[in-house]
Amino acid sequence: MRTVVQTAFLMAVLTLISKILGFIREMILAAFYGTSYITDAYVMSITITGIIFSGILGAVTTSYIPVYSRIKEQEGEKEGRIFTNQILTTLYFVSILSCIIGIVFSDSLVSIFARGFQGETASLTAFYLKFTFCYIIFTSATGVLGAYLQYKGIFLPQIAAGFLQNLSIIAVIIISGYTTHYYLALGILLGTAANFIITAIITNKNGYKFTPNFRINESAKEIIFLAVPVFIGSSVVQINTFVDKALASGLPEGSVSALNYAMLLVTLATSLTTTILITIIYPKISKANSLQEYDVFNDVLGRAISVVFIISIPLTLGAMVYSNQVVQIVYERGAFDSAATMKTSSAFFYYAIGLTAITLIAFLTHIYYSIRDMKTPIIHGVISVIINIALNLILIKPMAHNGLALATSIASYINALLLYNGLKQKYPHINLIKSRRKLSIIGLSSILSVGMSMLLYYMVIMPLKHIIVARMLQLALTVIFAAIVYLLLLRVFKIEEINLIKQIFKRNG
């Protein structure tokens, strides 16, 4: 039988492959359309859909696990399945209604959320919206079915199902590049439909079969009422980046696209750190809280947050230092020229400042949800959004789209600090950071390793660029060197998490 450590490793590998496919998708999009009004419209249509409906429906997924855990542990498997049927039935109804709203009011939605768009850009965004609103029918159900599988300890097949989604989108982007850009949004619809079908088949094979149930009991009502605060609390970063794009719609053409491409790079980093940890840990701490196993709860969290810092701090510094090189390697080809690289890399630099905070927000928010506190994250989230809007209005004039990215990073750190202090004050039995000395060592080791890599890059590798031709190879050598130095420093300082990471995933019983 595969161990949890092996599962975690395979998850990391499959997630990396999935993200590579996602980047290939964005690279192909950038190559065909660059930072043009077409990509501005495409990105904004996806953003509007996510912020209005799919974000709320996705929040149902987050709320589902702790409630399902309680029902299953206290009332049995049968009641858990009935509860799941009720949630899915409600989601299907709401998502179909949302789809109709999006199609009918697409022009009005663009005028509200992308007021800076005019003429062809606005009309194209409205056209894309008619497709992007339809895909939430599939994504909302896929989220709950995926959460059901996660609680069962099944992670790998649903990650693999994402491959088909990316491949479908890539195929349509290529077809649209040689025919018409109006086909672009169709790729998202086809891809999400394929992902849903595969996930539904996997769920069915693992003991769950959907049966419509229009009866809404107290547990189902609880999920419905929890969805809105969970959405706001867990989607603060997405809300902030949406505000960025909405304001950027009034800036020169390509500003929305540059912010989107930059945030995609940040999302890659967070997906390979906290996303994998949360996917495995969230069901475990929800179960530990339901069973009142607080020693297990604290042990898992203490080790997990150390790993979050070990990975996210050097990633933050590295992304800032090598922002231009990363954007060149990932995007610069075809219609994505040096001017687009300059615009995107500067946005990536300012977004990267907040990378550690973004990973902490996701991690800390799920801790609140595991103990069924949905109120605190929403309060801190609202404060963060207000701060972000204020900073956006201050920084947009002197720094243009870069000011929007910097505002999001600052607001993210404030939100992470509020979430941490809230846990510390409201739930003193939760002990996250057991050693501030360890955190200082991780920070110092990160600075030293990235600093030494800069010396290598600018004093050794760059002078030899006529020998080391490929930019990817130049950066890869630099990153490998930094990683080796970093791991050696952590060993010298005896940071045990580099040897004990697997204990984060240790079975609780």
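The structure presented is a predicted model; accordingly, all values stated were derived computationally and were not measured.

Asks: Sorry, what's going on with the overall build of the protein here?
Replies: Along the backbone of the protein there are 20 helices and zero strands. Here the analysis covers contacts within the protein between residues at least 6 apart in sequence; of these, 85% occur between residues at least 24 apart. Accessible surface for the protein amounts to roughly 21500 Å². Of this, 68% is attributable to carbon and sulfur atoms.

Asks: I would appreciate a short explanation of empty space enclosed by the protein in the present structure.
Replies: The gaps of empty space that remain are located by a probe, the size of a water molecule, rolled over the atoms. A complete count under the given rule lists two cavities of 30 Å³ or more for this structure. The computed volume of the second largest cavity comes to approximately 40 Å³. Together, Ile 278, Ile 281, Tyr 282, Ile 285, Leu 301, Phe 363, His 366 and Ile 367 line the second largest cavity. Only helix H11 (255-290) and helix H15 (355-370) provide two or more residues apiece to the lining of the second largest cavity. Class assignment of the residues belonging to the lining of the second largest cavity gives a composition of seven nonpolar, one polar and no charged.

Asks: Can you help me understand the pattern of salt bridges in this one?
Replies: Pairing between side chains becomes possible if they bear opposite charge and their charged atoms approach one another. The final tally for this structure, using the stated rule, is three salt bridges. Ionic pairing is found between Asp 373 and Lys 426, a salt bridge with its closest N-O pair at 3.3 Å. With Asp 373 in the loop between H15 and helix H16 (375-399) and Lys 426 in helix H17 (residues 401-426), this residue pair connects regions lying 53 residues apart in the sequence. A relative accessible area of 6% places Asp 373 in the buried class. Of the residues examined, Lys 426 reaches a relative accessible area of 46% and is grouped as partly exposed.

Asks: Just to check I follow, could you spell out the side chain of His 380 for this structure?
Replies: Turning to its location among the elements, His 380 is positioned in helix H16. By relative accessible area, which is 12% here, His 380 ends up buried.

Asks: Could you clarify how one ought to interpret the confidence of the model for the protein in this entry?
Replies: Where the model shows low pLDDT, its predicted coordinates should not be examined in detail. Of the residues in the protein, 84% reach a pLDDT of 70 or more, and the chain-wide mean stands at 81. Confidence drops under a pLDDT of 50 for residues 1-5, and excluding neighbours within four residues, the segment shows nine contacts in the predicted structure. Confidence drops under a pLDDT of 50 for residues 502-509, and excluding neighbours within four residues, the segment shows 22 contacts in the predicted structure.

Asks: Please explain the packing of helix H18 (residues 436-461) against helix H19 (residues 471-492) as it appears in this structure.
Replies: When two helices pack together, their arrangement is given by the angle between their axes and by how far apart the axes lie. Relative to each other, H18 and H19 sit at 145°, their axes nearing to 8 Å. For H18 against H19, the interelement crossing comes out right-handed. For the pair formed by H18 and H19, the contact residues are Ile 442, Ser 445, Ser 446, Leu 448, Ser 449, Met 452, Ser 453, Leu 456, Tyr 457 and Ile 461 on the first element and Gln 474, Leu 477, Thr 478, Phe 481, Ala 482, Val 485, Tyr 486, Leu 489 and Leu 490 on the second.

Asks: Any chance you could explain H16 here in plain terms?
Replies: For H16, spanning 25 residues, the distance from its first C-alpha to its last is 35 Å, which sits close to the expected 36 Å at 1.5 Å a residue. The largest bend in H16 is about 30°, located at Leu 393. All of the buried residues along H16 are Thr 376, Pro 377, Ile 378, His 380, Gly 381, Ser 384, Val 385, Asn 388, Leu 391, Asn 392, Leu 395 and Ile 396.

Asks: Is there a simple way to think about the packing of helix H12 (residues 294-321) against H18 in this case?
Replies: Viewed as axis vectors pointing N to C, H12 and H18 meet at an angle of 30°, and their least axial separation amounts to 9 Å. Comparing their axes, H18 and H12 come out roughly parallel. Judged by the twist between their axes, the crossing of H12 over H18 is right-handed. Here Ser 306, Phe 309, Ile 310, Ile 313, Pro 314, Leu 317, Gly 318 and Val 321 of H12 lie close against H18, whose contacting residues are Lys 438, Leu 439, Ile 442, Gly 443, Ser 446, Ile 447, Val 450, Met 454 and Tyr 458.

Asks: Help me understand the side chain of Asn 166 in this model?
Replies: Within the secondary structure, Asn 166 sits in helix H7 (residues 156-178). Judged by relative accessible area, which is 7%, Asn 166 ranks as buried. Polar side-chain contacts of Asn 166 include one of 2.6 Å to the side chain of Arg 25. The contacts of Asn 166, once residues within four sequence positions are left out, are Ser 18, Leu 21, Gly 22 and Arg 25.

Asks: Honestly, helix H4 (residues 106-113) in this entry has me stumped. Any pointers?
Replies: In an α-helix, one turn spans 3.6 residues, which is why side chains three or four residues apart end up on the same side. The complete set of buried residues in H4 reads Ser 106, Leu 109 and Val 110. Summarising the axial view, the buried residues of H4 lie within an arc of 100°, below the 170-degree limit, and thus occupy one face. Exposed side of H4, more than 90 degrees from the buried face: Asp 107 and Ile 112 are the residues found there.

Asks: I'm lost on the environment of Leu 364 in this one. Help?
Replies: Of note, Leu 364 is situated in helix H15. Residues Leu 364 and Leu 423 lie 59 residues apart in sequence; the distance between their C-alpha atoms is 8.5 Å. Those residues in contact with Leu 364, other than ones at most four positions away along the chain, are Ala 416, Leu 419, Tyr 420, Leu 423 and Leu 432.

Asks: Quick question: what am I supposed to make of the packing of aromatic side chains here?
Replies: Think of a pair of aromatic rings as described by two things: how far the centres are apart, and how the planes are tilted against each other in angle. Counted under the stated rule, the structure contains 16 aromatic pairs. A centroid spacing of 5.6 Å and a plane angle of 80° characterise the contact between Phe 32 and Tyr 178, whose relative ring orientation is edge-to-face. Pair noted here: Phe 32 is in helix H1 (residues 4-33) and Tyr 178 is in helix H7, with a separation of 146 residues, a long-range link. According to the relative accessible area criterion, Phe 32 is partly exposed, its value standing at 30%. Taking 6.0 Å as the distance between ring centres and 85° as the angle between the ring planes, the aromatic pair formed by Tyr 42 and Tyr 128 counts as edge-to-face. Of this pair, Tyr 42 sits in helix H2 (residues 37-75) while Tyr 128 sits in helix H5 (residues 119-132), and the two are 86 residues apart along the sequence.

Asks: When you look at unusual backbone geometry in this model, what are you seeing that I'm missing?
Replies: Most of the time, phi is negative for any residue but glycine, and the peptide bond is trans. Here Ala 400, not a glycine, exhibits a phi torsion of approximately 55°, which is positive. The topology assignment puts Ala 400 in the loop between H16 and H17. The exposure class of Ala 400 is partly exposed, given its relative accessible area of 29%. The phi dihedral of Lys 494 is positive, around 60°, even though this residue is not glycine. Tracing the backbone shows Lys 494 in the loop between H19 and helix H20 (497-500).

What counts, and at which threshold
Residues numbered from 1 in each chain as written. Predicted model: local features only at pLDDT ≥ 70, side-chain atom pairs only at ≥ 80, totals over all residues. Heavy atoms only, no water. Helix = DSSP H or I, 4+ residues; strand = E, 2+ residues; numbered from the N terminus. Contact = heavy atoms within 4.5 Å. Areas by Shrake-Rupley, 256 points an atom, 1.4 Å probe, with all protein chains shown as cover. 1 Å grid on protein atoms, 1.4 Å probe; cavity = no way out; pocket = protein on both sides within 12 Å on 5 of 7 lines; lining within 4 Å. Points joined across faces, edges and corners; volume = space filled by probe spheres on them. Nonpolar A, V, L, I, M, F, W, Y, C, P; charged D, E, K, R; others polar. Salt bridge = Lys/Arg side-chain N within 4 Å of Asp/Glu carboxyl O. Buried < 20%, exposed > 50% of the residue type's maximum accessible area, 1.4 Å probe, protein only. pLDDT = per-residue confidence, 0-100. Axes fitted to C-alpha atoms, helices over the stretch in contact; angles between N-to-C directions. Left-handed = near helix turned anticlockwise from the far one by under 90°. Expected span 1.5 Å × (residues − 1). Bend = angle between axes of the 7 residues up to and from the residue. Parallel < 35°, antiparallel > 145°, perpendicular 65-115°, else oblique. Polar contact = N/O pair within 3.5 Å; in protein donor to acceptor, adjacent residues only side chain to side chain. Arc of directions from axis to C-beta. Phe/Tyr/Trp six-rings, centres within 6.5 Å; stacked < 30°, edge-to-face > 60°.

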